[in-house]
Amino acid sequence: MKLNQQLMPSKNSKSSNRHIVATTSTSVSGDASPSNSVSVSGEVSPSKNNQTEQVGQPKRDLAWQVASNLLVSFKYAWAGLRYGFGTQRNFRIHVAIGILAISLGIFLHLSPVEMSLIGITIGLVLAMELINTAIESVVDLTVKQTYHELAKIAKDCAAGAVLVSALAAILVAGSLLLPPLFALVVQSNLFSIFN
C-alpha cells in the first residue's frame, strides 16, 4: 500500500498526538477484491473488519523515554553496568580476571601497545557479556516461562559469542604476559629449589 508524502507528518511538527493511519478494509459482501482506503485520524480505533497499521511517528506515552541529554545517557549506561555486575556471576569473574591481567601487565612493565591490546580484549569480553545478558533478558521477556527451541538457540549463540571472545582474550593475554613472566621466574632462580 502506498501513501502520499503529503500525508506524512512533518519532522518539525510539534503535534505528537496525531497519527496517520492506513486502513485496509475488506468487503463483507463476498467480493474477492478488498477495497483500500487511507484516512487521517487523531486516534487509532480498532475495528473488527479493518486491519489498522500506524504510519509515521508513533505516540510514545507508554514507551521508555529517550535520554534527554548526554548525562542521562551515561546514567542509563551506568545502570546497565551496575545491573550486569550485580546480577551476572560471569561478568564479575571477567572483571576480576581483567583487573588481574592489567595489574600483571603493570608489574611486568609491558609496553603501552601491549597494555592497550590487553585492555581492548578485556573490554571486548565485558561488552560481549553485557550483550549476552541483554539478549537473555529479551528472550526471557518474549517466551516468558515456556520453552522454545529458537529461544534456546538465541541464548546458546550469545553465550558462544562470550566464549569466543574470552578464548581470544586468553590467547592475547597469554602471549603478552607469559613470556615476560617466565623470564622473571627464570631470572629469579626459583627453579634452583627443585635441583
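Residues numbered from 1 in each chain as written. Predicted model: local features only at pLDDT ≥ 70, side-chain atom pairs only at ≥ 80, totals over all residues. Heavy atoms only, no water.

An unreviewed UniProt entry lists the protein chain under the name Diacylglycerol kinase, from Floridaenema flaviceps BLCC-F50. Comment text from UniProt for the protein chain, heading Subcellular location (unreviewed entry), reads "Cell membrane". Recorded in UniProt under Sequence similarities (unreviewed entry), the annotation for the protein chain is "Belongs to the bacterial diacylglycerol kinase family." (UniProt positions renumbered as here; feature names shortened; annotations may be inferred.)

Trainee: How would you sum up the pattern of salt bridges? Please name residues and give values.
Mentor: Within this structure, the stated rule accounts for two salt bridges. Where Lys-155 meets Asp-140, a salt bridge forms, and the shortest distance between an N and an O atom there is 2.5 Å. Here Lys-155 is found in helix H4 (residues 149–187), whereas its partner Asp-140 is found in helix H3 (residues 112–143), with 15 residues between them in sequence. Notably, a salt bridge pairs Asp-156 with Lys-152, separated by 2.5 Å at the nearest N-O pair. One end of the pair, Asp-156, and the other, Lys-152, are both in helix H4, four residues apart, so they sit about a helical turn from each other. (Salt bridge = Lys/Arg side-chain N within 4 Å of Asp/Glu carboxyl O. Helix = DSSP H or I, 4+ residues; strand = E, 2+ residues; numbered from the N terminus.)

Trainee: Outline the packing of aromatic side chains, listing residues and values.
Mentor: Taken as a whole and assessed by the stated rule, the structure comprises one aromatic pair. Ring centres 6.5 Å apart and planes at 85° place the aromatic pair Phe-85 and Phe-91 in the edge-to-face group. The exposure class assigned to Phe-85 is partly exposed, which follows from its relative accessible area of 41%. Classification of Phe-91 by relative accessible area gives buried; the value is 5%. (Phe/Tyr/Trp six-rings, centres within 6.5 Å; stacked < 30°, edge-to-face > 60°. Buried < 20%, exposed > 50% of the residue type's maximum accessible area, 1.4 Å probe, protein only.)

Trainee: Lay out the side chain of Asn-132 with the relevant residues and their values.
Mentor: Its place among the elements puts Asn-132 in helix H3. Sequence-distant contacts of Asn-132, that is, excluding residues within four places in its chain, are made with Lys-155, Ala-158, Ala-159 and Val-162. (Contact = heavy atoms within 4.5 Å.)

Trainee: Report on the side chain of Thr-121, specifying residues and quantitative values.
Mentor: Residue position: Thr-121 is located in helix H3. Setting aside residues no more than four positions away along its own chain, Thr-121 makes contact with Ala-169 and Val-172.

Trainee: Please set out helix H2 (residues 89–107) residue by residue, giving values where relevant.
Mentor: Given a rise of 1.5 Å per residue, 19 residues ought to cover 27 Å, and the 27 Å separating the end C-alpha atoms of H2 matches this to within 8%. Buried residues of H2: Phe-91, His-94, Gly-98, Ala-101 and Gly-105, and no others. Seen along its axis, H2 keeps its buried residues to an arc of 85°; they face one direction. Facing away from the buried side of H2, by more than 90 degrees, are the exposed residues Arg-89, Ile-99, Leu-100, Ile-106 and Phe-107. Looking at the buried positions of H2, the neighbouring elements they touch are helix H1 (70–87), H3 and H4. (Expected span 1.5 Å × (residues − 1). Arc of directions from axis to C-beta.)

Trainee: Which residues make up the packing of H2 against H3, and what values go with them?
Mentor: Relative orientation of the contacting elements H2 and H3 amounts to 175°, with a least axis distance of 10 Å. The angle between the axes of H2 and H3 places the two elements in the roughly antiparallel class. Between H2, through Asn-90, Phe-91, His-94, Val-95, Gly-98, Ala-101, Ile-102, Gly-105 and Ile-106, and H3, the contact on the second element is made entirely by Met-115, Ile-118, Gly-119, Ile-122, Val-125, Leu-126, Glu-129 and Leu-130. Classifying every residue of the contact of H2 with H3 by side-chain character gives 11 nonpolar, five polar and one charged. (Axes fitted to C-alpha atoms, helices over the stretch in contact; angles between N-to-C directions. Parallel < 35°, antiparallel > 145°, perpendicular 65-115°, else oblique. Nonpolar A, V, L, I, M, F, W, Y, C, P; charged D, E, K, R; others polar.)

Trainee: A description of the environment of Leu-176 should follow, citing residues and the corresponding values.
Mentor: Here Leu-176 lies in helix H4. Along the sequence, Leu-176 and Ser-111 sit 65 residues apart, while their C-alpha atoms lie 9.9 Å from each other. Setting aside anything within four residues of it in sequence, one finds Leu-176 in contact with Leu-110, Glu-114, Leu-117 and Ile-118.

Trainee: Give a description of the nonpolar core that names residues and reports values.
Mentor: Formed by Phe-91, Ala-101, Leu-108, Leu-110, Met-115, Ile-118, Ile-122, Leu-126, Ala-173, Leu-176 and Leu-177, the largest nonpolar core amounts to 11 residues. For this core, the elements supplying multiple residues, two or more each, are H2, H3 and H4. A total of four residues in this core trace back to one element, the largest contributor, which is H3. The residues contacting Ile-118, other than those within four sequence positions of it, are Ala-101, Ile-102, Leu-110, Leu-176 and Leu-177. (Core = buried A, V, L, I, M, F, W, Y, C linked by side-chain atoms within 4.5 Å.)

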